[in-house]
Amino acid sequence: MSGNASAVAALARFGSAASGEAVYEAGVELGRLLRTAFLADYFVKTPFRQELRRVLNQGVAVNALKRSIYTGRISPAQAKRPDEMQAVADGLSLLANTVMAWNTMQMQAFVNRWANRCQVIEADIMAKTAPTRLRRINLRDVFRFPLERYAADLMPSLAASINAAVG
């Protein structure tokens with residue numbers, strides 16, 4: 001009624017069943033125009049193509065990192081329900097994000113050391129660097145986390161019972 005609509009509302013109103021209507025045909029033509037503009041940029045502009053390839057490779061590197069972290073199988077008893085599958089996926093994402101955060105901290109420390117020596121790392125080298133590497137990270141060992149040390153910060157209401165169980 002106002003002349004504006006969200007993409008979701010437009011798709012709901014003018015889905016594939018609405019073919020033949022003017023608004024639907026305008027959306028199809030707009031999609032073709034945008035795809036043509038993208039392909040023209042991709043084939044003509046080398047820097048655009050290189051940047052797109054770099055960004056896509058970083059996405060692939062994140063997936064490779066997740067595969068490296070988790071190489072086993074999830075038993076059917078562990079992830080039958082959607083909420084359980086979501087918990088497994090979220091746990092894997094949390095671990096991958098932890099590795100990337102650690103790598104980012106180490107990369108920043110390296111950049112700071114170079115800056116302290118008045119050495120500059122070129123911007124194009126920094127643009128090609130991503131925190132998805134696994135070097136110096138042991139993924140095949142037993143990790144022990146001293147929860148009792150952080151229990152009060154992580155779970156204040158359960159801190160006493162955790163300390164009693166560990167202690």
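Here, every reference points to the structure presented above.
Everything numeric in this text was worked out from a predicted model, so none of it was measured.

J.: Break down the overall build of the chain for me, with residues and values.
T.: Helix and strand counts for the chain stand at seven helices and zero strands. Its helices and strands in sequence order give the chain the pattern α-α-α-α-α-α-α, from N to C terminus. For the chain, long-range pairs separated by at least 24 residues make up 51% of all intrachain contacts whose partners lie at least 6 apart in sequence. On the chain, roughly 13700 Å² of surface is accessible, and the fraction owed to carbon and sulfur atoms is 61%.

J.: Would you mind going over the packing of helix α3 (residues 46–69) against helix α4 (residues 82–116) in detail, with residue names and values included?
T.: Across the interface, α3 lies against α4 with an axial gap of 10 Å and an inter-helix angle of 110°. Taken together, α3 and α4 sit at an angle that is classed as roughly perpendicular. Judged by the twist between their axes, the crossing of α3 over α4 is right-handed. Packed against α3, whose contacting residues are Val62, Leu65, Lys66 and Ile69, the element α4 presents Leu92, Ser93, Leu95, Ala96, Val99 and Met100 at the interface. Its residues placed into classes, the contact of α3 with α4 shows eight nonpolar, one polar and one charged.

J.: If you had to explain a nonpolar patch on the surface to someone new, which residues and values would you point to?
T.: A cluster of nonpolar side chains, namely Phe143, Phe145, Leu147, Tyr150, Leu154, Met155 and Leu158, defines an oily patch on the protein surface of about 740 Å² accessible area. Looking at the element boundaries, Met155 is found in the loop between α6 (147–154) and α7 (159–166).

J.: Which residues make up the nonpolar core, and what are the values?
T.: The biggest cluster of nonpolar side chains holds five residues, and these are Leu65, Ile69, Ala96, Val99 and Met100. Contributions of two or more residues to this core are made by α3 and α4. Considering each element in turn, this core owes the most residues, three residues, to α4. With near-sequence residues (within four places) excluded, Ile69 lies in contact with Leu92, Leu95, Ala96, Val99, Leu139 and Arg140.

J.: I'd love a proper account of the side chain of Asn103, names of residues and values included.
T.: With respect to the helices and strands, the residue Asn103 is situated in helix α4. Judged by its relative accessible area of 10%, Asn103 is buried. Only 2.6 Å separates the side chain of Asn103 from the backbone oxygen of Arg133, close enough to count as a polar contact. Once you skip the residues sitting within four places of it in the chain, Asn103 turns out to touch Pro131, Thr132, Arg133 and Ile137.

J.: Help me get a handle on the packing of aromatic side chains, residues and values and all.
T.: For the coordinates displayed, the defined rule picks out four aromatic pairs. Plain terms: the ring middles of Phe38 and Tyr42 are 6.3 Å apart, the flat faces sit at 25° to each other, and that makes the pair stacked. Here Phe38 pairs with Tyr42, and both are found in helix α2 (residues 22–44), just four residues apart, close to one helical turn. For Phe38, a relative accessible area of 37% gives the class partly exposed.

J.: Report on unusual backbone geometry, specifying residues and quantitative values.
T.: In the Ramachandran plot, Cys118 falls in the positive-phi region, its phi being about 60° despite a non-glycine side chain. With respect to the secondary-structure elements, Cys118 resides in the loop between α4 and α5 (123–127).

J.: Please set out the pattern of salt bridges residue by residue, giving values where relevant.
T.: Pairing between side chains becomes possible if they bear opposite charge and their charged atoms approach one another. Tallied over the entire structure, the rule returns five salt bridges. Here Arg81 ties to Glu84 by a salt bridge, and the two come within 3.5 Å at their closest N and O atoms. Accessibility expressed as a relative area gives 22% for Glu84, which makes it partly exposed.

Scoring rules and cut-offs
- Residues numbered from 1 in each chain as written.
- Predicted model: local features only at pLDDT ≥ 70, side-chain atom pairs only at ≥ 80, totals over all residues.
- Heavy atoms only, no water.
- Helix = DSSP H or I, 4+ residues; strand = E, 2+ residues; numbered from the N terminus.
- Contact = heavy atoms within 4.5 Å.
- Areas by Shrake-Rupley, 256 points an atom, 1.4 Å probe, with all protein chains shown as cover.
- Axes fitted to C-alpha atoms, helices over the stretch in contact; angles between N-to-C directions.
- Parallel < 35°, antiparallel > 145°, perpendicular 65-115°, else oblique.
- Left-handed = near helix turned anticlockwise from the far one by under 90°.
- Nonpolar A, V, L, I, M, F, W, Y, C, P; charged D, E, K, R; others polar.
- Patch = residues over 30% accessible without salt bridge, like charges linked within 9 Å, V, L, I, M, F, W, Y side chains within 5 Å.
- Salt bridge = Lys/Arg side-chain N within 4 Å of Asp/Glu carboxyl O.
- Core = buried A, V, L, I, M, F, W, Y, C linked by side-chain atoms within 4.5 Å.
- Buried < 20%, exposed > 50% of the residue type's maximum accessible area, 1.4 Å probe, protein only.
- Polar contact = N/O pair within 3.5 Å; in protein donor to acceptor, adjacent residues only side chain to side chain.
- Phe/Tyr/Trp six-rings, centres within 6.5 Å; stacked < 30°, edge-to-face > 60°.

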